[in-house]
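# Coordinates in review
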Amino acid sequence: MVDAKNQPSVPHVVIVGGGFGGLYAAQSLGKAPVKLTLIDKRNFHLFQPLLYQVATGSLSPADISSPLRLVLNQNKNTQVLLDHVKDIDPDRQQLTLDNRTLSYDTLILATGVKHHYFGNDQWQNIAPGLKTIEDALLMRRRIYGAFEAAEKETDPEKQKAWLTFVIVGGGPTGVELAGAIAELAHSVLKNDFHHINTTSAQILLLEGVDRILPPYAPELSIRAEEDLTQLGVRVQTQTLVTQVTDSSVTVRQGEKENVIPARTILWAAGVKASSLGKVLNQKTGVALDRAGRVRVEENLSIPGYPNIFVIGDLANFSHQGEQPLPGIAPVAMQQGKYVAQWIKQELRGQTHSPFRYTEVGSLAVIGQNAAVVDLGWIKLTGFIAWLTWVFAHIYYLIEFDNKLVVMVQWGWNYLTSGRGARLITGEDSLPKGVMSNE
């Protein structure tokens, strides 16, 4: 590629998405001979694995967020744009943003996933999911608002409904949410109210298949359920949700249906790919899976367009093992680094190897001193697993000040059983009944 003066121009690499995949690609390309543009709708990188701690008041949003410009300020070749990609023209190698178009030589799409309600999008406002800071703050309002509403309620049945928390989905997010809410009810808040006994709260974790944490080894699923039960969580497997209203959840177990009165329903049951996957399908013909993820080649590019890469949760990588790689942070990190290395090798005229994910293990925390960890070569439970989970999450936090703040906050919470970030803000988003006597 040459410019008007017949001098070689610098290749323009555009990354869409500042999550784990996009950010790790950008960091790895910081000293490469390229012009780099990172586009995101938000001006910060979000450490999603700890969103549930914002939702339950253990951490504040800033503790798990890092401004993209700050993280990448040492990249002299990088421009960060706060913008939204509306369309892709792969033949002209252009992106359509909100108010401009942007040309690229190499495109990396890392826009992740969003909640999936399996054709019941009308449930979204009643049963929020957990993918963004706004989701976490909404959950926090719902959780703490429910205790406040129960404190004012004089009808025992309505009070019971306010103190019933239903989490739909028994994957890591659902397990962690259920455990954290149980700790709130049975430990953190038990002395904070005068007219309700928070330890009487019911926390129900619903899972459609025969065990929670389905991707984990069966023995870890069993241990996780035992730990949750000890915390006061009621686990119901082989349970399908058929209806959600603002005051109840209808579930089916086999041929039997049951209506559960509950005023706080939280969704952790599924995800679907961001809308750019569908745009890419329409413009390039690339295949999508049932969740809308893009089926990529062995080097994470798409068929027919070797300069377009899809990484992270948006990608369906089915070239390693019987199942696609899971949508977890370590996969996205390694894919971001791989694509960056591929681009640098291409600039040097070197050959490439296919992407191969190196397994680093799976971790889920149940509560204080309780977690399950599968590192492949060893499986851990209990306190040792919990310590492993703590240090792994501290290690992967992006900025040093975030690591220090989170370590201090977790240490204080451990010693005092406190939750310092349990503010209820934005009363317009509270369920009906919290701010009135409805």
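Model, not experiment: these values are computed from the prediction. (Residues numbered from 1 in each chain as written. Predicted model: local features only at pLDDT ≥ 70, side-chain atom pairs only at ≥ 80, totals over all residues. Heavy atoms only, no water.)

## Re the sheet that holds strand β11 (residues 164-168)
Taking strand neighbours across the sheet as the criterion, the four strands line up as β13-β12-β11-β17 in an open arrangement whose pairing is parallel. The open sheet has two free edges, formed respectively by β13 (233-236) and β17 (264-267), since each of these has just one partner strand. Between one strand axis and the next, the sheet turns through 20 degrees on average, direction left out of account. When β11 meets strand β12 (residues 202-206), the two strands line up parallel, connected through five bridges. (Pairing = 2+ DSSP bridges. Helix = DSSP H or I, 4+ residues; strand = E, 2+ residues; numbered from the N terminus. Axes fitted to C-alpha atoms, helices over the stretch in contact; angles between N-to-C directions.)

## Here's the deal with the domain arrangement of the protein
Each domain of the protein was delimited in the assignment, giving domain 1 (12-41 + 83-115 + 272-347) and domain 2 (125-269). Of note, the centres of domain 1 and domain 2, computed from C-alpha atoms alone, are 35 Å apart. (Domains from an automatic or database assignment.)

## Let's talk about the pattern of salt bridges
All told, the structure shown has five salt bridges when counted by the stated rule. Its salt-bridge partner being D87, residue K283 comes within 2.8 Å of it at the nearest N-O pair. Linking K283 in helix α8 (residues 275-284) with D87 in strand β6 (residues 87-89), this pair joins segments that are 196 residues apart in sequence. For K283, a relative accessible area of 35% puts it in the partly exposed group. A salt bridge links R356 to E298; its shortest N-O distance comes to 3.3 Å. Pair noted here: R356 is in the loop between α9 (329-347) and β23 (362-367) and E298 is in the loop between β19 (294-295) and β20 (301-302), with a separation of 58 residues, a long-range link. (Salt bridge = Lys/Arg side-chain N within 4 Å of Asp/Glu carboxyl O. Buried < 20%, exposed > 50% of the residue type's maximum accessible area, 1.4 Å probe, protein only.)

## Structural notes on unusual backbone geometry
Phi is positive for Q238, close to 50 degrees, though the residue is something other than glycine. Mapped onto the elements of the fold, Q238 is located in the loop between β13 and β14 (240-244). By relative accessible area, which is 52% here, Q238 ends up exposed. The backbone of L300 shows a phi angle near 75 degrees, a positive value even though the residue is not glycine. In this fold, L300 is placed in the loop between β19 and β20. In this structure L300 comes out as buried when scored by relative accessible area, which is 0%.

## What to know about the packing of aromatic side chains
Under the criterion given, the structure shown has 10 aromatic pairs. Each ring, one from Y338 and one from F355, has its centre 5.4 Å from the other, and the planes form 70 degrees; the classification is edge-to-face. Here F355 lies in the loop between α9 and β23 and Y338 lies in helix α9, a separation of 17 residues in the sequence. Through a chain of ring-to-ring contacts, three or more aromatic side chains come together here, namely Y117, W123 and W267. (Phe/Tyr/Trp six-rings, centres within 6.5 Å; stacked < 30°, edge-to-face > 60°.)

## Things to note about the sheet that holds β6
Spatial ordering of the open sheet is given by β6-β7-β8, a layout of three strands whose pairing is antiparallel. The open sheet has two edge strands, β6 and β8 (101-103), and neither has a second partner. Each strand of the sheet is rotated relative to its neighbour by a mean of 20 degrees, with strand direction disregarded. Relative to β8, strand β7 (residues 94-96) is paired through three bridges, and the arrangement is antiparallel. Bridging across to β8, Q94 finds its partner in S103.

## Observations concerning the UniProt feature "domain: FAD/NAD(P)-binding" (unreviewed entry) in the protein
UniProt's entry tags residues 12-336 with the feature "domain: FAD/NAD(P)-binding" (unreviewed entry), counted in the numbering of this structure. Between the C-alpha atoms that bound residues 12-336 the distance is 17 Å, and the span itself is 29% helix and 27% strand. (UniProt positions renumbered as here; feature names shortened; annotations may be inferred.)

## Describing the nonpolar core
Formed by 69 residues in total, the largest nonpolar core has its most connected members in I64, F147, I203, L205 and L228. When residues of this core are sorted by domain, at least three fall in each of domain 1 (12-41 + 83-115 + 272-347) and domain 2 (125-269). Leaving out residues up to four positions away in the same chain, F147 has contacts with L163, F165, A185, L189, F193, I196 and T198. Formed by 54 residues, the second largest nonpolar core is a distinct cluster that contains L107, L314, V339 and Y357. (Core = buried A, V, L, I, M, F, W, Y, C linked by side-chain atoms within 4.5 Å. Contact = heavy atoms within 4.5 Å.)

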